[in-house]
Amino acid sequence: MVGEIKIENVYKRFPNIDPTKEDVQALNGLSLNVEAGSFISLIGPSGCGKSTLLRIIGGLDKATEGKLYIDGQEIKKPGSDRGFAFQGSNLFPWLTVEKNIAFGLKARHVYKENKKDVDEFIKLVGLEGFEKSYPHQLSGGMQQRASLARALVGHPAVLLLDEPLGALDAFTRMNLQDEILNIWKKHNMTMIMVTHDVDEAIYMSDKVVVMSARPSKVEAVIDIDLPRPRARAQDTFQEYRTKILNVLNLGGQIDDVEYYL
Amino acid sequence: MSKRLYAWLKLLLPFVAIAISVLAYYFIADSGKQKKTDHPYYLFLLGAIGAVFLIAVIAGLFKDSIRKDTIERAPLITGAIVFLLLLNIITTKTTLLPTLYFPSLDRIVGVLIENRVFLIQNVFDSLKLLAVGFLWGAGVGFFTGLALGYFKIVGYWINPVTKIIGPIPTTAWIPLALSTFPTTHSANIFLIAFAVWFPVTLMTSSGIQSINNVNFEVSRTLGASTIYQILHVAIPAAMPSIFLGVFYGTVSSFATLMAVEMNGNSSGIGWYINWQKSVMMYDGVYAGLIIIALICSLSLTLLFKVRDKVLIWQKGVIKW
């Protein structure tokens, strides 16, 4: 099985806006192993560097120090082995749904031989009949579906999700959570998701990685030992919720913790 | 039922206005100050308007969309006919306005009809000059803007130059251009191209610079190379802004066209107006202005048609 991610002692420093001051330390020697085929959530106080870590895994940013591997290969830039679903849908407004989804295949010049994948993923995310629609003609949830299909169509081993559902209303959100789980199950891929939502993390993940405030490290990795499919109204959720919130509170950051109930 | 009657009455309005105009033409005494024309050209024009409208009414019997348009425009066309009627009364029936500067409609329409071959030749010369200059300006402007907007290093060195040279009004270059270029024609092309170049450059580069960076990040995660990003992200995303630049450029190319044709040119519609003015033939001046209005308006209509095709994905559209 492919899609194993190894993160070894990664540091990330950003130059301070005021050049006379010291660099901002975002990640401080962070290490993490992600098993192939598992679903991991990254959670932590806002500004702790969750998204930065995800961007480094995606190859959009470079680690200042330390190394990252996907299936033993060092990560240096974006690659077809990793898909990236951004916060908000970020579809290209000048392309139809169909062409948005086909963008990656065309950019990698493999469109002709994979044409039918586009149709398959349109079907998978339930957008049949909207192939020729432009993004502004779709609802927020549909845009997010199209965006997921766009990230998935090249069959990446790992899907990186940066708060993909943050901008959606509660019902659309729950719907899409289930759809993402279905896709994960069907395609056997590794999922790494950044979220603010503790319940979302518990509902979806095998493991919840709790990060500390900046400069950030892995504070705890909490295994969610619940059978799937999970019921949202489960009592055991409270147990995990308390556990995660306790870890977050250890840093003395009670006021900064962001979560939705 | 009454709604239907109302629509038919509306469609009748232009014909009523034409009838009144014809009656006024023959039954109100002329002041006698206007030069007589060989034919009642103003009535020819009214006849043409009436004929076109009649065709539209008949076509409307068979096609709903045409009928809707025709009914909607009937009052506007009536208004235009009434306006011409008032103009004709003021210029030919009274001496309210000096007849030298305000020729009768007969004379203005007469110029358009009698001198049509010569006018068409001049329109053709103007259009050729405009098209060649425009294509050069828009083409060079697009590539300059692309380089300035996409490559930061190019922007650093070239932006100050465009910022100083660009805002100079094109007409200020006329003396220099006329003396440095080998032919007047090449100078004219340069001047028109320059007028288009600056707004296209500016709006292309600013369009590219204001693209949300996440678009480029998305395309990188999808495996796009730099060239692919320029062609498939930067250019389409900047297209609304580029079109705005082309629009500004087109408008300023009209102004430049007139300026160069009135300065040392010996053909073209701008030259024609100037020449007619210098021989005190103001009917020719008005005829020229009418032609220019038609050319400019049609060019912009064409531009917006292209825009609507290319920018079909945009939510709001500028109405023209």
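Everything here concerns the structure above.
Residues numbered from 1 in each chain as written. Chains lettered and ligands numbered in written order. Predicted model: local features only at pLDDT ≥ 70, side-chain atom pairs only at ≥ 80, totals over all residues.

1. Points about the overall build of chain A
Moving on, step 1. From N to C terminus, chain A includes seven helices and 10 strands.
Moving on, step 2. The C-alpha radius of gyration of chain A comes to 18 Å, within 12% of the 18 Å expected for a compact globule of 261 residues.
Moving on, step 3. With the C-alpha coordinates aligned to their principal axes, the bounding extent of chain A is approximately 50 × 45 × 35 Å.
Moving on, step 4. Counting across all 261 residues of chain A, residues that qualify as buried make up 44%.
Moving on, step 5. Of the contacts made within chain A by residues no fewer than 6 positions apart, 70% connect residues no fewer than 24 positions apart. (Helix = DSSP H or I, 4+ residues; strand = E, 2+ residues; numbered from the N terminus. Rg over C-alpha atoms; globule rule 2.2 N^0.38 Å. Buried ≥ 20, exposed ≤ 12 C-beta atoms within 10 Å, placed from the backbone. Contact = placed C-beta atoms within 7 Å.)

2. A closer look at the nonpolar core
Moving on, step 1. Residues Ala149(A), Ile192(A) and Ile192(B) are the most contacted members of the largest nonpolar core, which totals 105 residues.
Moving on, step 2. With 15 residues, helix H8 (residues 184-209) of chain B is the single largest residue contributor to this core. (Core = buried A, V, L, I, M, F, W, Y, C linked by C-beta atoms within 7 Å.)

3. Considering the interface of chain B and chain A
Moving on, step 1. With 15 residues of chain B at the contact, the number on the chain A side is 16 residues.
Moving on, step 2. Listing elements by their share of the side of chain B that touches chain A, those giving two or more residues are helix H9 (213-221) and helix H10 (226-262) of chain B.
Moving on, step 3. Here the side of chain B that touches chain A is built from residues that sort into eight nonpolar, four polar and three charged. (Nonpolar A, V, L, I, M, F, W, Y, C, P; charged D, E, K, R; others polar.)

4. What about the sheet that holds strand S10 (residues 218-223) of chain A?
Residues and elements named next belong to chain A.
Moving on, step 1. Pairing within the open sheet is mixed, and its six strands lie in the order S6-S7-S8-S3-S9-S10. Looking at the sheet topology across the chains shown, the edges are occupied by strand S6 (82-85) and S10. Here the strands of the sheet are splayed against their neighbours by 15° on average, with no regard to which way each runs.
Moving on, step 2. In this structure, strand S3 (residues 39-43) lies alongside strand S8 (residues 190-194), joined through four bridges in parallel fashion. (Pairing = 2+ DSSP bridges. Axes fitted to C-alpha atoms, helices over the stretch in contact; angles between N-to-C directions.)

5. A word on the packing of helix H2 (residues 97-107) of chain A against helix H3 (residues 111-124) of chain A
All names here are of chain A.
Moving on, step 1. Between H2 and H3, whose axes approach to 10 Å, the crossing angle comes to 145°. Both H2 and H3 take part in a crossing whose hand is right-handed. Residues Glu-98, Ile-101, Ala-102, Leu-105 and Lys-106 of H2 form the contact with H3, whose participating residues are Tyr-111, Asn-114, Val-118, Phe-121 and Ile-122.
Moving on, step 2. Taken together, the residues that form the contact of H2 with H3 break down as seven nonpolar, one polar and two charged. (Left-handed = near helix turned anticlockwise from the far one by under 90°.)

6. Here's the deal with the pairing of strand S7 (residues 158-162) of chain A
Every regular strand shows the same layout, with side chains that alternate between the two sheet faces.
Residues and elements named next belong to chain A.
Moving on, step 1. The buried fraction of S7 amounts to five of the five residues, a majority that puts the element mostly inside the structure.
Moving on, step 2. Side-chain alternation along S7 places Val-158, Leu-160 and Asp-162 on one buried face and Leu-159 and Leu-161 on a second face that is also buried.
Moving on, step 3. Bridge count between S6 and S7: four bridges; the pairing is parallel. Bridging from a neighbouring strand, Gly-83 pairs with Leu-159 of S7.
Moving on, step 4. Since S7 and S8 lie parallel, the crossover through helix H5 (residues 170-187) that links them has a hand, and here it is right-handed. (Right-handed = clockwise from strand over helix to strand, strands pointing away.)

7. Some thoughts on H8(B)
Moving on, step 1. Its 26 residues place the ends of H8(B) 37 Å apart at the C-alpha level, agreeing with the 38 Å of an ideal helix rising 1.5 Å per residue.
Moving on, step 2. For H8(B), a buried count of 21 out of 26 residues is recorded, marking the element as mostly surrounded by other parts of the structure. (Expected span 1.5 Å × (residues − 1).)

8. Thoughts on the sheet that holds strand S4 (residues 65-70) of chain A
Residue and element names in this part refer to chain A.
Moving on, step 1. On the basis of which strands lie adjacent, the open sheet formed by four strands has the order S2-S1-S4-S5 and antiparallel pairing. For this open sheet the edge positions go to strand S2 (24-34) and strand S5 (73-74), each flanked by a neighbour on one side alone.
Moving on, step 2. Strand direction decides the pairing type here: strand S1 (residues 5-14) and S2, joined by eight bridges, are antiparallel. Looking across to S2, one finds that Lys-6 is bridged to Asn-33.

9. Side note on the environment of Leu159(A)
Moving on, step 1. On the secondary structure map, Leu159(A) appears in strand S7.
Moving on, step 2. In contact with Leu159(A), not counting residues within four places along its chain, are Gly83(A), Ala85(A), Ala151(A), Leu152(A), Met189(A) and Met191(A).

10. A few points about the pairing of strand S9 (residues 207-211) of chain A
Residues and elements named next belong to chain A.
Moving on, step 1. Of all five residues in S9, four are buried; the element is thus mostly enclosed.
Moving on, step 2. Two strands pair when backbone bridges link them, and S3 and S9 are joined in this way by four bridges, in the parallel orientation. Across the sheet, residue Leu-42 finds its bridge partner in S9, namely Val-209.
Moving on, step 3. Judged from the five bridges that link them, S9 and S10 form a sheet pairing that is antiparallel. Bridging across to S10, Val-210 finds its partner in Ala-220.
Moving on, step 4. Remark: six residues form the turn of the hairpin made by S9 and S10, two consecutive strands paired antiparallel.

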